[in-house]
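# Structural characterization, general
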Amino acid sequence: MACHRKNIRIIHFSTDYVFNGTGSAPYKEDDDCDPINTYGASKLAGERYLQTLAQNYIIIRTAWLYGVNGKNFVRTILEKAKTTPRLTVVDDQLGSPTHTKDLAAAVDLLIEKNAQGIFHVTNRGSCSWYQFAVKILQEAGIDDVEVSPIKSDQLARQAKRPAYSVLSMQKFIQTTGKAMQPWQLGLQDYLESVKARLHTLT
Ligand SMILES: NC(=O)c1ccc[n+]([C@@H]2O[C@H](COP(=O)([O-])OP(=O)(O)OC[C@H]3O[C@@H](n4cnc5c(N)ncnc54)[C@H](OP(=O)(O)O)[C@@H]3O)[C@@H](O)[C@H]2O)c1
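Calculation rules
Residues numbered from 1 in each chain as written. Predicted model: local features only at pLDDT ≥ 70, side-chain atom pairs only at ≥ 80, totals over all residues. Heavy atoms only, no water. Core = buried A, V, L, I, M, F, W, Y, C linked by side-chain atoms within 4.5 Å. Buried < 20%, exposed > 50% of the residue type's maximum accessible area, 1.4 Å probe, protein only. Helix = DSSP H or I, 4+ residues; strand = E, 2+ residues; numbered from the N terminus. Contact = heavy atoms within 4.5 Å. Near = heavy atom within 4 Å. Polar contact = N/O pair within 3.5 Å; in protein donor to acceptor, adjacent residues only side chain to side chain. Areas by Shrake-Rupley, 256 points an atom, 1.4 Å probe, with all protein chains shown as cover. Nonpolar A, V, L, I, M, F, W, Y, C, P; charged D, E, K, R; others polar. Pairing = 2+ DSSP bridges. Axes fitted to C-alpha atoms, helices over the stretch in contact; angles between N-to-C directions.

### Looking at the nonpolar core
- Counting residues in hydrophobic clusters, the biggest one holds 24 residues, and the most contacted among them are Val74, Ile77, Phe132, Ile136, Leu137 and Leu187.
- Only helix H3 (73-83), strand E4 (86-90), helix H5 (129-139), strand E9 (146-150) and helix H7 (183-193) provide two or more residues apiece to this core.
- Broken down by element, the residue count for this core peaks at five residues, all from H5.
- Those residues in contact with Ile77 that sit more than four places away from it in its chain are Leu87, Val89, Ala133, Ile136 and Leu137.

### Examining the site of the ligand
- In the neighbourhood of the ligand, the contacting residues comprise Phe13, Ser14, Thr15, Tyr39, Lys43, Thr62, Ala63, Trp64 and Leu65.
- In this structure, an oxygen atom belonging to the ligand sits 2.9 Å away from a main-chain N or O atom of Leu65.
- For the ligand, the protein covers 26% of the area, taking 900 Å² as the surface of the free molecule.
- Secondary structure elements with two or more residues in the shell around the ligand: strand E1 (10-15) and helix H2 (38-53).
- Among the elements that line the shell around the ligand, the one with the most residues is E1, at three residues.
- Its residues placed into classes, the shell around the ligand shows five nonpolar, three polar and one charged.

### Concerning the sheet that holds E1
- Read across the open sheet, the three strands follow the order E1-E2-E7; overall the sheet is parallel. Bordering the open sheet on either side are E1 and strand E7 (117-120), each of which pairs with just one other strand. Across the sheet, the axes of successive neighbouring strands diverge by a mean angle of 25°, strand direction being ignored.
- Note: strand E2 (residues 57-62) against E7, four bridges, orientation parallel. By the bridge assignment, Ile58 is partnered in E7 with Gly117.
- Helix-sheet contacts for H2 involve E1, E2 and E7, and the interaxial angle to E1 is about 155°.
- The strands touched by helix H4 (residues 100-112) are E1, E2 and E7; relative to E2, the strand with the most contacts, the crossing angle is about 155°.

This is the structure in structure tokens:
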């Protein structure tokens, strides 16, 4: 409300989990939302509430984030690999791993272009969590840990997750004239930037 009063653009981060995951082609910004868990429902409610309060906003739906600060999947896999020779990771949820550094650069671009509205922003391409884990170990040079694919229902987690939550980057590309780099390169950049820290972890 304060931003709206002063006509200050507000940038809000949302998620791929606003979709139900039954699709098979990348979700576009105006595709129907139908969250299947409470997190997705609350994020969608946040998007809609913001839209009732402000006109000058960017809502950025992103996914599968990892960055140099805080906990993330890459770090978890590398930590686990230190203590267990066998990992199991779900292979039936597809998404786009996204390096927060690339996301930050994308946000800058959207600001530069004076963009408004909803935008999907992830690194390019997609994989399953299992494929992501395999790539993480490979890029980190860890070859003595075996990763096996499992199905989500073998994990018996309380909240459901969308099976397919790949986001279309068409609108971002049209607006900025730039494409995001592939997730594999985002991962390499991340591992490079935490290399010093990883050496002390391993
Ligand atoms: N992680 C993902 O894969 C992912 C994917 C799609 C979208 N997103 C969205 O990206 C955003 C960040 O996610 P994240 O995974 O980085 O979350 P996170 O690690 O839990 O970080 C959340 C941050 O928000 C701060 N925060 C929480 N409640 C707050 C409050 N009431 N007032 C002020 N600050 C508060 C926390 O501060 P403290 O550290 O002080 O607690 C923390 O710095 C969220 O909006 C999330 O929905 C994340």
